[in-house]
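Residue-level structural notes
Here is what each chain is made of, one letter per residue.
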Amino acid sequence: MSWALELLELDASADERAIKRAYARLLRSNRPDDDAEAFQQLHAAYQTALAWYRERQHQQQPDSHHQEALAAHAPAFTPAAVATDAPAAIALHVDAPSLHEDLLPLATLPQHIASAASHLDEDGFAQWLQQRPELWSLSAKQCIARPLAELLFNAPDIAMGRDNFEQITEAFGWNQVDGPIDAYALLRLREQLHARWLADEANELALLAELRRVGPAGVTLPEVRKRRRLLTRPWRPAQALFSALDPSRVTAMKSTLQVLVPDEVVQPPVQLEQVRFWDDVAREDRLTRNRLKLGLLRGVLAGCLWLLLPLAVYLVEAAKPDKPTPDPAPLLALGAGGFVLILALGIGWLPWKLGLQWLVAPTRRSTAIPLAAVLALALIRFTDYNLVGSFLAAGTLWLSFTVTFRNQPNVVRYAPLLLFAVYLAASALPTLKAPYGQLSAFLAAALSALDSWRGRRTSR
């Protein structure tokens, strides 16, 4: 018995209320989903201490069952332990009955419990539970437990914080090892109710604390309000796209979804379309339609800003009275080339990354890299796009080098130095007349052949 009281940090004079309060306090730091073994030890100590206290009370008061029956029908009676520790006044913001009112019908008590848990803080809800005469009877608790569980699992408009939900599970014995409800179902219900509670505008301070816990500590209350508004406002596709133009906004909404949609179940007032949009634009594993739209919008807007530069140059030159009207062709070429480049950059790195991953798959890279090398050689030797061919050859060489030595991280780490040394050695050879672009294409094809040979040798 001493080990249980020691684990609960109590002495031998502890009563049932002290045991329950100690268990509730220690349960905050020994949650079943964080440390299952510590939770099992704490729960075993709680059950042992509770059984010891009740056995002692039974020995002191043989007629305890009769007294319990009297207490269940005496609403004006206040236990000494509750009356001593109760605050002078508790501000209730719900239509919850006080201790001095008549007993509530058991059929409506689950709704009152859920309402009080939604609006009261942890201490206020604990006091409210202790002052409900209907909960002093074990038989009454058994009558209430099932309707309350059905209400919490099925009602879409009920919300409460984690601490209040755990008080309910402890009061009705749902958190016991052999409890009537599956432990994983309780954990999932707790997170759903908590997410729904955080989405309420009245609990924005709690949402702020939760976002600071999972993300940067510098999140402010106005930022929290803006994130909540982005997830709860009516769905308009164009408005959502323009809201996501800032990349930092996408990152912030990703962490917000982790808090308000913990298990991919959308809780009102959060809008399902908003959740799908922000989840799409924040994905890094695949290219979604919303992410592609956002990238195109970013690229088009940035490209339009770039077009203002050649337009301004043309207008300035055309405004000079002593000079003829400038030829717009070079400025148009500059503007078009810059627009295409900025559009490609605006789409983002993800499409090119996924494209490269598709290209260098084992079934395709043995032909894709040599074809790219041949295309680079053709551009260098037979067209006027030598610069484009050289860039393509250099990129193909880098890609083939990475693919060939992907299982040797030290080689890949020093790849720039190795390639630079090869170029220096090539320039030092007086008999080598090939430009660097052609040399890159030849090296890329050679490394691709080496990779193919190693693959066939390994598969034998």
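This text gives an overview of the structure that appears in the document. (Residues numbered from 1 in each chain as written. Predicted model: local features only at pLDDT ≥ 70, side-chain atom pairs only at ≥ 80, totals over all residues. Heavy atoms only, no water.)

1. Re the overall build of the protein chain
Here is the rule we go by: Counting from the N terminus, the helices are the DSSP runs of H or I reaching at least four residues and the strands are the DSSP runs of E reaching at least two. Accessible area is worked out with a 1.4 Å probe on protein chains only. A residue is then buried under 20% of its type maximum, exposed over 50%, and partly exposed in between. Every residue pair with non-hydrogen atoms within 4.5 Å of one another is taken to be in contact. To be clear on the numbers: accessible area is Shrake-Rupley with a 1.4 Å probe, and residue cover counts the displayed protein chains and nothing else.
When helices and strands are tallied, the protein chain shows 23 helices and 0 strands. In the protein chain, which comprises 460 residues, the proportion classed as buried is 37%. Residue pairs in contact within the protein chain that sit at least 24 positions apart in sequence constitute 67% of those at least 6 positions apart. Counting every atom, the protein chain has about 26,900 Å² of accessible surface; 61% of that belongs to carbon and sulfur.

2. With respect to the environment of threonine 220
Residue position: threonine 220 is located in the loop between helix 11 (204-214) and helix 12 (221-232). According to the relative accessible area criterion, threonine 220 is partly exposed, its value standing at 42%. When the C-alpha atoms of threonine 220 and leucine 205 are compared, they prove to be 9.9 Å apart, with 15 residues separating the residues in sequence. What threonine 220 contacts, discounting residues up to four positions off in sequence, is Leu208 and Arg212.

3. Focus on unusual backbone geometry
Of note, glutamate 9 is a non-glycine position whose phi angle comes to about 60 degrees, a positive value. With respect to the helices and strands, glutamate 9 occurs in the loop between helix 1 (2-7) and helix 2 (16-27).

4. A closer look at the environment of glycine 299
Structurally, glycine 299 can be placed in helix 16 (residues 289-319). By relative accessible area, which is 0% here, glycine 299 ends up buried. Residues glycine 299 and phenylalanine 339, 40 residues apart in the sequence, show an inter-C-alpha distance of 8.2 Å.

5. Some words on helix 14 (residues 247-260)
Operational definition: Each helix should span, by expectation, one fewer than its residue count multiplied by 1.5 Å.
With 14 residues, helix 14 should reach 20 Å at 1.5 Å per residue; the first-to-last C-alpha distance of 20 Å fits that figure. Taken together, the buried positions of helix 14 are Arg249, Val250, Ala252, Met253, Ser255, Thr256, Leu257, Val259 and Leu260. Tucked inside the fold, the buried residues of helix 14 contact helix 10 (183-198), helix 11, helix 12, helix 13 (237-243), helix 15 (272-282) and helix 16.

6. What about the nonpolar core?
Applied cut-off: Side-chain atoms within 4.5 Å link the members of a nonpolar core, which is a set of buried Ala, Val, Leu, Ile, Met, Phe, Trp, Tyr and Cys residues.
Leu207, Leu231, Val250, Leu260, Phe277 and Trp278 are the most contacted members of the largest nonpolar core, which totals 29 residues. For this core, the elements supplying multiple residues, two or more each, are helix 10, helix 11, helix 12, helix 13, helix 14, helix 15 and helix 16. Residues contacting valine 250, with those up to four places away along its chain left out, are Ala244, Trp278, Val281, Ala282, Leu294 and Arg298.

7. Some details on the side chain of aspartate 280
Mapping aspartate 280 onto the fold places it in helix 15. We classify aspartate 280 as buried; its relative accessible area is 18%. When sequence neighbours within four positions are dropped, the list of residues in contact with aspartate 280 reads Thr288, Asn290 and Arg291.

8. With respect to a nonpolar patch on the surface
In plain terms, the rule: Grouping into patches uses exposed residues only, defined as over 30% relative accessible area, and leaves out salt-bridged ones; the cut-off is 9 Å for like charges and 5 Å for nonpolar side chains (Val, Leu, Ile, Met, Phe, Trp, Tyr). Salt bridges, as used here, are contacts in which a Lys or Arg side-chain nitrogen is within 4 Å of a carboxyl oxygen on Asp or Glu.
A cluster of nonpolar side chains, Leu305, Leu308, Leu311 and Leu315, forms an exposed patch at the surface whose accessible area comes to about 410 Å². Following the sequence through the fold, leucine 305 ends up in helix 16.

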